[in-house]
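Geometric and topological summary
Here are the chains, one letter per residue:
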Amino acid sequence: LVATGGASGNPVVFTIDASSTGTGTITGSTLTVTGVGNLVIDANQAGNSSYSAAPQVQRTVVVTQASQVINFTQPTSPVTYASGLTIPLVATGGASGNPVIFTIDASSTGTGTIAGSTLTVTGVGNLVIDANQAGNSTYSAPPQVQKTVVVNKAPQNINFTQPTSPVIYTSGLTIPLVATGGASGNPVVFTIDASSTGTGTITGSTLTVTGVGNLVIDANQAGNSSYSA
């Protein structure tokens, strides 16, 4: 704080006026700010035998909230869907000391839940993650930061046991078809491929042979919202 007094030679004394909305302390001619608001500074100088006290002079220091930022590390992306898949969310907030809060943005096309700093994926699509931090009396809330996790469908496989082959034709010959599908839970569906040179019919998982030749059996399983076919 810089002021020059009059001819009495007495020092200019600085004090914080009671009308101030901010907080601080003064030592000599140095103002230390301790909180936001308006700090009204009074400057006074005493008189002496020849000079009267100088009229008080006021100056105002406007102290605004400091800004802060969130450093949000990009989560692993893209990922392949799996039941119970979790992804850690890592972010460092600003000086307010308030925690960074993660939420799933309404614009997301995927599904999931967040507990603390852990994202649990429950469906495929784009998961847009919002990171926010509250301000306090001296720091404003930082701008929201978003990161996107792309969740792709998981693959699945069919384990198809080789049916008995070769076989000798007999009337009414049946052959069981055994296959285990993937995690979509949809049934494995058997059909006779058009490339077959033999003839037959399929009911469920039973092949009934009606003519000699090669019977090429196709096994297919549909996908769902989380698993590809």
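In the block above lies the structure referred to throughout.
Residues numbered from 1 in each chain as written. Predicted model: local features only at pLDDT ≥ 70, side-chain atom pairs only at ≥ 80, totals over all residues. Heavy atoms only, no water.

Things to note about the overall build of the chain
Counting secondary structure elements, the chain contains zero helices and 21 strands. At 39 Å, the chain has a C-alpha radius of gyration far larger than the 17 Å of a compact globule built from 229 residues. Along the first, second and third principal axes, the C-alpha set of the chain runs to 135 × 20 × 20 Å. The buried share among the 229 residues of the chain stands at 28%. Sequence-distant contacts in the chain: of pairs separated by 6 or more residues, those separated by 24 or more amount to 55%. (Helix = DSSP H or I, 4+ residues; strand = E, 2+ residues; numbered from the N terminus. Rg over C-alpha atoms; globule rule 2.2 N^0.38 Å. Buried < 20%, exposed > 50% of the residue type's maximum accessible area, 1.4 Å probe, protein only. Contact = heavy atoms within 4.5 Å.)

Overview of the layout of surface pockets
Computed from the structure, the largest pocket encloses a volume of approximately 400 Å³. As for the largest pocket, its lining consists of 19 residues, and the residues nearest its centre are Thr-164, Ser-165, Val-167, Gly-213 and Leu-215. The element that contributes the greatest number of residues to the lining of the largest pocket is strand S20 (residues 206-211), accounting for three residues. Tallied by class, the residues present in the lining of the largest pocket amount to twelve nonpolar, seven polar and no charged. (1 Å grid on protein atoms, 1.4 Å probe; cavity = no way out; pocket = protein on both sides within 12 Å on 5 of 7 lines; lining within 4 Å. Points joined across faces, edges and corners; volume = space filled by probe spheres on them. Nonpolar A, V, L, I, M, F, W, Y, C, P; charged D, E, K, R; others polar.)

Notes on the nonpolar core
Nonpolar side chains tend to gather and get buried jointly when the protein is soluble and globular. Counting 20 residues, the largest nonpolar core has Leu-119, Val-121 and Val-151 as the members making the most contacts within it. At the level of elements, strand S10 (100-104), strand S12 (118-123), strand S13 (125-133) and strand S14 (145-152) are the ones that each hand at least two residues to this core. Contacts of Leu-119, omitting those with residues within four sequence positions, involve Leu-85, Thr-86, Ile-87, Leu-89, Ile-104, Thr-113, Ile-114, Leu-127, Ile-129 and Val-149. One finds Leu-173, Ile-175, Leu-177 and Val-209 within the second-largest nonpolar core, a separate group that totals eight residues. (Core = buried A, V, L, I, M, F, W, Y, C linked by side-chain atoms within 4.5 Å.)

Overview of the sheet that holds S20
Taken in spatial order, the three strands of this open sheet run S16-S20-S19, and their pairing is antiparallel. For this open sheet the edge positions go to strand S16 (174-176) and strand S19 (199-203), each flanked by a neighbour on one side alone. Neighbour-to-neighbour, the strand axes of the sheet open up by a mean angle of 25 degrees, direction not taken into account. Pairing between S19 and S20: five bridges, direction antiparallel. The partner of Thr-199 across the bridge, within S20, is Gly-211. (Pairing = 2+ DSSP bridges. Axes fitted to C-alpha atoms, helices over the stretch in contact; angles between N-to-C directions.)

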